[in-house]
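Residue-level structural notes
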Amino acid sequence: NRVIELAYSSNRGLRKEAIWVIVNVVSSLDEHVISAVESGALEALYNFLSDGDAKNVAFVLQSIENILEVGTETGKTYAQKVVNMDGLEALEILASSQNMTVQQRSNEVLKRF
C-alpha cells in the first residue's frame, strides 16, 4: 500500500500526511481498520510515535487505542502484534512524557494489556 510506504518516508511532510491518512482510515468502519492493520498501519503508527510533536503523537495514540478496541471486538490479535513489535516499551516511555495529553493517552492504551 502506497500510503503505508509513505508513512516511512524520509520526508517528514510526506510521512506526516501519510500518517494522517492512516489516522482517518482507522477512525472509521471496523472493516477499514482491519484492512489498514493487515496492510501495516499499526506498525506505521508505532513508528511515528517517535515524531516528537505531542499533538501528532496524541492523535496516533488515540488511533492505536481504536485499533486495539476493534481487535478486541472482532477477535483479532492486535494487542499481541503490539507486544511482538516491542510496542509496550514505546508506550511506557510515552507514559512518562511531560505532555499530559500524551501521558494520559499512553496510559489508556497500556490499560488494554
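Further up the page is the structure itself.
These numbers were taken from a predicted model, which means no experiment stands behind them. (Residues numbered from 1 in each chain as written. Predicted model: local features only at pLDDT ≥ 70, side-chain atom pairs only at ≥ 80, totals over all residues. Heavy atoms only, no water.)

From N to C terminus, the protein includes eight helices and zero strands. Radius of gyration (C-alpha) of the protein: 13 Å, near the 13 Å computed for a compact globule of 113 residues. Classification of the 113 residues of the protein by burial places 40% in the buried group. Contacts spanning at least 24 positions in sequence make up 59% of the contacts within the protein whose residues lie at least 6 apart. In the structure as shown, the protein presents an accessible area of about 6,200 Å², 48% of it carried by carbon and sulfur atoms. Looking at charge distribution, the protein has the averaged site of its 10 positive side-chain charges lying 5 Å from that of its 15 negative ones. (Helix = DSSP H or I, 4+ residues; strand = E, 2+ residues; numbered from the N terminus. Rg over C-alpha atoms; globule rule 2.2 N^0.38 Å. Buried < 20%, exposed > 50% of the residue type's maximum accessible area, 1.4 Å probe, protein only. Contact = heavy atoms within 4.5 Å. Areas by Shrake-Rupley, 256 points an atom, 1.4 Å probe, with all protein chains shown as cover. Lys, Arg positive; Asp, Glu negative; His and termini not counted. Charge placed at Lys NZ, Arg CZ, Asp CG, Glu CD.)

For the structure shown, the criterion picks out one aromatic pair. Each ring, one from Trp 20 and one from Phe 59, has its centre 5.1 Å from the other, and the planes form 65°; the classification is edge-to-face. Placement of the pair is Trp 20 in helix α2 (residues 12-25) and Phe 59 in helix α5 (residues 54-74), with a sequence separation of 39 residues. The class of Trp 20 is partly exposed, set by a relative accessible area of 24%. (Phe/Tyr/Trp six-rings, centres within 6.5 Å; stacked < 30°, edge-to-face > 60°.)

A word on the nonpolar core. Membership of the largest hydrophobic core comes to 34 residues, with the highest contact counts inside it found for Ile 19, Ile 22 and Ile 64. Elements with a contribution of two residues or more to this core: α2, α3 (30-38), α4 (41-48), α5, α6 (78-84), α7 (87-94) and α8 (100-110). Ranked by residue count, the leading element in this core is α5, at eight residues. (Core = buried A, V, L, I, M, F, W, Y, C linked by side-chain atoms within 4.5 Å.)

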